[in-house]
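So you can see what is in the structure, the chains are spelled out below.
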Amino acid sequence: MICSTSSFSRASCLGALLVFSGCASWSGPVGAPLAFVSLTSDAQGPGVARSAAIRWTALANGGVGARRYEFRSLNGTAEVVEQEGTFATWTWNPRKAGTFRLRARVTDRAGAVVDSEWSAPYVVLPPIDRSARVAVLPVDNLTGDRAPVRALDGSLREHLRGSGFDLLDDESLDEFMKRHRVRNTSGLSQRASRGLATETGTEALLLTSLVAYADREPPRAALAARLVALREDPEILWTDSVGLSAAETAGLLGLGRVGEAELLLEKAVQDLTASLVEFLPESLPAPAALGAANDADFDGVENSDDVCPDFDDNVDTDGDGQPDGCDRCPADPAAGSGGEGACSSSDGKNGWANLAHQAQPEPCARSPFDDDECDDGVLCRTGDLPCDSSSEKYRPRTFYRSSSFDTSRRYSVVVLPFRNLSGRRNAGRILSLHFVEHLARNAKLTVVEPGLVREHLLKYRIIMRAGPSLANTDLISRGGSLDVDLVLSGTVFDYQDAIGAPEIDFSVEMIQARSREVVWLSRSRRHGDEGVFFFDWGRAHTAHGLASEMTAKTIELMMR
Amino acid sequence: MGRENLCRGLASLSLLILLSGCAATDNYIEPNMDFASVESVAVLPFANLTGNEDAAERVRDTLMGMLLATEAVYVLPPGEVARGISRTGAIPADGPSAEQIKKLSGVLSVEAIITGVLREYGAVRSGSTSANMISLSLQMIEVSTGRVVWSASATKGGITLLDRLFGGGGEPMNAVTEEAVDDLLDQLFQ
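Sequence positions are assigned chain by chain, starting from 1 and proceeding in written order. To label them, take the chains in the order written and letter them from A, then take the ligands in the order written and number them from 1. Under the rules for a predicted model, residues below a pLDDT of 70 receive no local features and side-chain atom pairs below 80 are neither given nor counted, while totals for whole chains, interfaces and linings still include all residues. Heavy atoms from the whole structure form the basis of all side-chain values; hydrogens and water molecules are not counted.

**Topic: the overall build of chain B**
Cut-off, in case you're wondering: For the purposes of this entry, the term helix denotes a DSSP run of H or I that reaches at least four residues, the term strand denotes a run of E that reaches at least two, and both are numbered from the N terminus. Relative accessibility decides the category of a residue: with a 1.4 Å probe and only protein chains considered, values under 20% of the type maximum give buried, values over 50% give exposed, and everything between is partly exposed. Whether two residues are in contact is decided by their heavy atoms, any of which lying within 4.5 Å being enough.
In terms of regular secondary structure, chain B is built from six helices and seven strands. The order of α-helices and β-strands along chain B, N terminus first, is α-β-β-β-α-β-α-α-β-β-β-α-α. Going through the 190 residues of chain B one by one, you find that 48% of them count as buried. Relative to all contacts within chain B whose residues are 6 or more apart in sequence, the contacts with residues 24 or more apart total 68%.

**Looking at the sheet that holds strand S1 (residues 35–41) of chain A**
All names here are of chain A. Put simply, the rule is: At least two DSSP bridges between two strands are required for those strands to pair. Axis geometry follows a simple rule: fit a line to the C-alpha atoms, using only the stretch in contact for helices, then measure angles between N-to-C directions, giving values from 0 to 180 degrees.
The strand order S1-S3-S6 describes an open sheet built from three strands, whose pairing is antiparallel. Each edge of the sheet is formed by a strand with only one pairing partner; in this case those strands are S1 and strand S6 (89–92). Strand-to-strand twist in this sheet, taken as the mean axis angle between neighbours without regard to direction, amounts to 20 degrees. Two strands pair when backbone bridges link them, and S1 and strand S3 (residues 54–61) are joined in this way by six bridges, in the antiparallel orientation. When the bridges of S3 are listed, Phe-36 appears paired with Ala-60.

**Looking at the interface of chain A and chain B**
Using the following cut-off: Here's the idea: put two parts together, see how much 1.4 Å probe accessible area each one loses, and the total over both is what we call buried area. Should a side-chain nitrogen of Lys or Arg be within 4 Å of a carboxyl oxygen of Asp or Glu, the pair is scored as a salt bridge. Throughout, the ten residues Ala, Val, Leu, Ile, Met, Phe, Trp, Tyr, Cys and Pro are labelled nonpolar, Asp, Glu, Lys and Arg are labelled charged, and all others, Gly among them, are labelled polar.
Counting from both sides, the interface comprises 30 residues of chain A and, opposite them, 24 residues of chain B. Regarding the contact of chain A and chain B, the summed buried area is about 2,400 Å², with carbon and sulfur atoms giving 56% of it. The tally of links from chain A across to chain B stands at five salt bridges. When the shortest N-O distance is used, the salt bridge between Arg-419 of chain A and Glu-57 of chain B registers 3.5 Å. Top element by residues in the side of chain A that touches chain B is strand S22 (residues 517–527) of chain A. It accounts for five residues. Residue composition of the side of chain A that touches chain B, grouped by class: 13 nonpolar, five polar and 12 charged.

**Side note on the nonpolar core**
Operational definition: For the purposes of this section, nonpolar cores are sets of buried Ala, Val, Leu, Ile, Met, Phe, Trp, Tyr and Cys residues that join through side-chain atoms within 4.5 Å.
Val-41, Leu-67 and Ile-113 of chain B are the most contacted members of the largest nonpolar core, which has 54 residues in total. It is helix H2 (residues 55–69) of chain B that provides the largest number of residues to this core, a total of nine residues. Of all hydrophobic cores here, the second largest spans 42 residues; its members include Leu-486, Leu-488, Ala-543 and Leu-546 of chain A.

**Details of the pattern of salt bridges**
Note on pairing: side chains with opposite charge can pair once their charged atoms come close. Residues and elements named next belong to chain A. Taken as a whole and judged by the stated rule, the model has 33 salt bridges over all chains. The partner of Arg-133 in a salt bridge is Asp-166, with the nearest N and O atoms 3.7 Å apart. Here the residue Arg-133 occupies a position in strand S10 (residues 133–136), and Asp-166 occupies one in strand S12 (residues 166–167), the gap between them amounting to 33 residues. A relative accessible area of 29% places Arg-133 in the partly exposed class. As a salt-bridge pair, Glu-556 and Lys-553 come within 3.5 Å of each other at their nearest N and O atoms. Here Glu-556 and its partner Lys-553 are both found in helix H12 (residues 543–558), three residues apart, which amounts to about one turn of the helix.

**Considering the packing of helix H2 (residues 149–162) of chain A against helix H5 (residues 261–279) of chain A**
Packed helices, taken two at a time, are described by the angle between their axes plus the distance between the axes. All names here are of chain A. Put simply, the test is: Put simply, a crossing is left-handed when the front helix is turned counterclockwise from the back one by less than a right angle, and right-handed when it is turned clockwise.
Where H2 meets H5, the axes come as close as 10 Å, and the angle between the chain directions of the two elements is 35 degrees. Note on packing geometry: the crossing formed by H2 with H5 is right-handed. Between H2 and H5, the contacting residues are Leu-152, Ser-155, Leu-156, His-159 and Leu-160 on the first element and Leu-265, Glu-266, Val-269, Gln-270, Thr-273 and Leu-276 on the second.

**A few points about the environment of Met-464 of chain A**
All names here are of chain A. With respect to the helices, strands and loops of the structure, Met-464 is situated in the loop between helix H10 (450–459) and helix H11 (470–477). Spatially, the C-alpha atoms of Met-464 and Phe-418 are 9.9 Å apart, while their sequence positions differ by 46 residues. Ignoring sequence-local partners within four residues, the contact set of Met-464 consists of Leu-416, Leu-457, Asn-472 and Ile-476.

**Remarks on empty space enclosed by the protein**
Stated formally: Both site types are read off a 1 Å grid over the protein atoms alone. A 1.4 Å probe that fits but cannot get out defines a cavity, while an open set with protein on both sides within 12 Å along at least five of seven lines defines a pocket; lining residues have an atom within 4 Å of a point. Grid points are joined across faces, edges and corners, and a volume is the space filled by probe spheres set on the points. Throughout, the edges of the domains are those of an automatic or database domain assignment.
For the structure shown, the criterion picks out six cavities of 30 Å³ or more. In this structure, the largest cavity occupies an estimated 170 Å³ of space. Together, 18 residues line the largest cavity, and Thr-491, Ser-507 and Glu-509 of chain A together with Asp-61 and Pro-78 of chain B are the ones closest to its centre. Looking at the lining of the largest cavity, the elements that each hand over two or more residues are strand S20 (486–496) and strand S21 (503–512) of chain A together with H2 of chain B. It is H2 of chain B that provides the largest number of residues to the lining of the largest cavity, a total of five residues. Per-class residue counts for the lining of the largest cavity are seven nonpolar, six polar and five charged. By volume, the second largest cavity amounts to about 70 Å³. The wall of the second largest cavity is formed by Leu-207, Ser-209, Ala-224, Ala-225, Arg-226, Thr-239, Asp-240, Leu-433, Val-436 and Glu-437 of chain A. Secondary structure elements with two or more residues in the lining of the second largest cavity: strand S13 (204–214), strand S14 (220–229), strand S15 (235–245) and helix H9 (427–441) of chain A. Grouping the amino acids of the lining of the second largest cavity by side-chain chemistry returns five nonpolar, two polar and three charged. Taken domain by domain, the lining of the second largest cavity gets at least three of its residues from each of domain 3 (133–276) and domain 4 (393–558) of chain A.

**A few points about the pairing of strand S6 (residues 129–142) of chain B**
Residues and elements named next belong to chain B. Of all 14 residues in S6, 12 are buried, a share of seventy percent or more. With 14 bridges joining them, strand S5 (residues 112–126) and S6 adopt antiparallel strand pairing. Note on S6: the bridge partner recorded for Ala-112 is Glu-142. What sits between the antiparallel neighbours S5 and S6 is a turn of two residues, in which Gly-127 has the positive phi angle 65 degrees. Where S6 and strand S7 (residues 148–157) come together, nine bridges link them in antiparallel fashion.

**Points about a nonpolar patch on the surface**
Here is the rule we go by: Every patch collects residues that have over 30% relative accessible area and no salt bridge, joining them within 9 Å if they carry like charges and within 5 Å if they are nonpolar side chains (Val, Leu, Ile, Met, Phe, Trp, Tyr). Accessibility throughout is a Shrake-Rupley quantity obtained with a 1.4 Å probe, and a residue counts as covered only by protein chains that appear here.
A cluster of nonpolar side chains, Phe-533, Phe-534, Phe-535 and Trp-537 of chain A, forms an exposed patch at the surface whose accessible area comes to about 700 Å². Tracing the backbone through its elements, the reader meets Trp-537 of chain A in the loop between S22 and H12.

**So, the packing of aromatic side chains**
Residues and elements named next belong to chain A. Heads up, the rule is: Each pair of aromatic rings taken from Phe, Tyr and Trp, with Trp reduced to its six-membered ring, is defined by centres within 6.5 Å and is described as stacked if the planes are under 30 degrees apart, edge-to-face if over 60, and tilted in the remaining cases. Only lysine NZ and arginine CZ atoms are considered, and such an atom sits over a ring when it is within 6 Å of the ring centre and within 35 degrees of the ring normal.
One pass over the structure, following the stated rule, counts nine aromatic pairs over all chains. Pairing Trp-92 with Tyr-122 gives two aromatic rings, centres 6.0 Å apart and planes at 90 degrees, and the pair type is edge-to-face. One end of the pair, Trp-92, is in strand S6; the other, Tyr-122, is in strand S9 (residues 122–124), and 30 residues separate them in sequence. With respect to burial, Trp-92 and Tyr-122 carry one shared label: buried. Here the aromatic residues Trp-56, Phe-71, Trp-90, Trp-92, Phe-100 and Tyr-122 are joined through ring pairs into a cluster of three or more. The ring of Phe-493 has Arg-523 lying over it, and the distance from NZ or CZ to the ring centre is 4.1 Å. Sitting over the face of the ring of Tyr-394, Arg-526 holds its NZ or CZ atom 5.1 Å from the ring centroid.

**Remarks on helix H3 (residues 170–179) of chain A**
All names here are of chain A. Put simply, the rule is: Working note: the arc is built from the helix axis to C-beta atom directions.
Turning to H3, its buried residues number three or more, namely Leu-173, Phe-176 and Met-177. Looking straight down H3, one finds its buried side chains confined to an arc of 95 degrees; they lie on one side. Opposite its buried face, H3 presents the exposed residues Glu-171 and Lys-178, each directed more than 90 degrees away. Its buried side turned inward, H3 meets S10, H2 and helix H4 (190–200). A positive phi of about 50 degrees marks Arg-181, the residue just after H3.

See the structure below:
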């Protein structure tokens, strides 16, 4: 009827009909559709982002009602939600080295979503280079027995000096430790860290722990180290560990066997130094020297010829033509080129770390109550993995991950010393060091330096005989200077590294501070000889190596 | 004659199988209990009747992990349970009193608590054969009423006929523990 009157055109008639018929779910004014205008930063163009904050602004127009903004970063394959809310600006404080791209997502009240393009890459460099002054604290002995820590100290310093590091001299360090009454060398408090930086001009601290050392057959040695930047809040820049046994160095007919623990320790020091040298650039290049428009990952290879985008094509440890960033087994030429993927722990830990870059199979679709569908002796409960052989090894026997735990976000995490119910002295501290190492490698996580955690626990007199209570969690996460999202703790039931095959049994619990909820609980247990049928194929020779693989697998599942 | 021998043989075999297996369960479920109303539970430290000092804590950790993994109930972290116990006073070895349960519920804010008794844990030996074995009983107490709403026990492992015939030493202790806990959870969710 209304359309039959001559005062309305057909188009306006249709519009009026739509409005009055209630077809539109939104009752407010209808404007232009949501559109992304720009994502801009206050940096001087893409290139180097080093220690300095960069302010990003997302601009959108149109849409319905108030808009929500989500800023995401991409480092390799790890995409992280950095900030979400009604703010159209975000201050990015890059904390980890890598090549990052950034983008924003805008959502309006009607649910329309628009994404910006990924920004040009930003190379985030470590805040220091090899010319920075580094203090090397005396080695923390976690072996539970006597060990040549003084000789190890000397060897470590010698190797670092040989690699071009500017080390704080022994007298100055001794003076400082005496003045500040520093006895514990597993980590420094915030106050001591600041004192070390201001009084001696030190920029970073190297903390080393001797995890295992045994002269008796088979000889073995294990070392863990981390480099901590002495900023306002000390932060972990690099962490790595090495575990060696004479049995695994034997090779063909036992010709390569290193039969003395001291030599193994020396080799471990060499490996750790090489890892640190690889991480820290010799000198930081000027921003202008980095990158070019057609070389997005700054490796000197143009985009069109890039074998492994976002990674340095020149780093190829096994020389198989496959850069380490895209090589499943970077220390195994056969696995890299042959593509059979049969790399073992002896192929280098990066073989497992780089799995994130490979296509991940989808989890099995199955009932959460299903038991052991893979028939691998693992009781499968939630978030089960596919039944492929690479996933079975080292993964937790049982695990729970809360559905409220969003793994796409960035978190800060505190690792508490694990409870130790095993017969091995310091097993709780060793396991917590493994978790610090592997969590720090995860692009989505920022791990609080254990020295600060220790200071915090002492300051608030927090004693946890049965793990952290919710009140403890509040105190640790919000009560002081730590301000973290997640509190990780655990219990070590077995840490067998003295005789026979190694055996590790531990449980891990992670509480989200904001919700005061257990978001992760798992139990991992493995014997070094498990799954070994032919000769020593697949055998874990050291408890350190076994614990490292189990920890890595736990975190991979946790953050999946 | 042949059939009689066959029957006798089958009967002997059945008897042997019955006697050699150690698996046994018993179960009580309060018929009027609405288990869907239980959203969170606290697992108290188990009474440990074995000679192994840490055994109860090992088994409790396994139970807590597997119970949480069912996603049917939320299990309070052990540190929080310890805080509740320290606030309400020590729990006697034979279990909490009704008053203690009420106090605990006030501190922990849970609908139910689980108590347990670990009766056997470790290797059992018969002649030259040995195998791992566990015997565990659990109770669930509704905190609002103080009633036991579920009780069950499980015994797993032990020396089987195959162990006697061929040796082998049975399954690892942790595997036996998981079997027992899994059996108990099956009884809880049946």
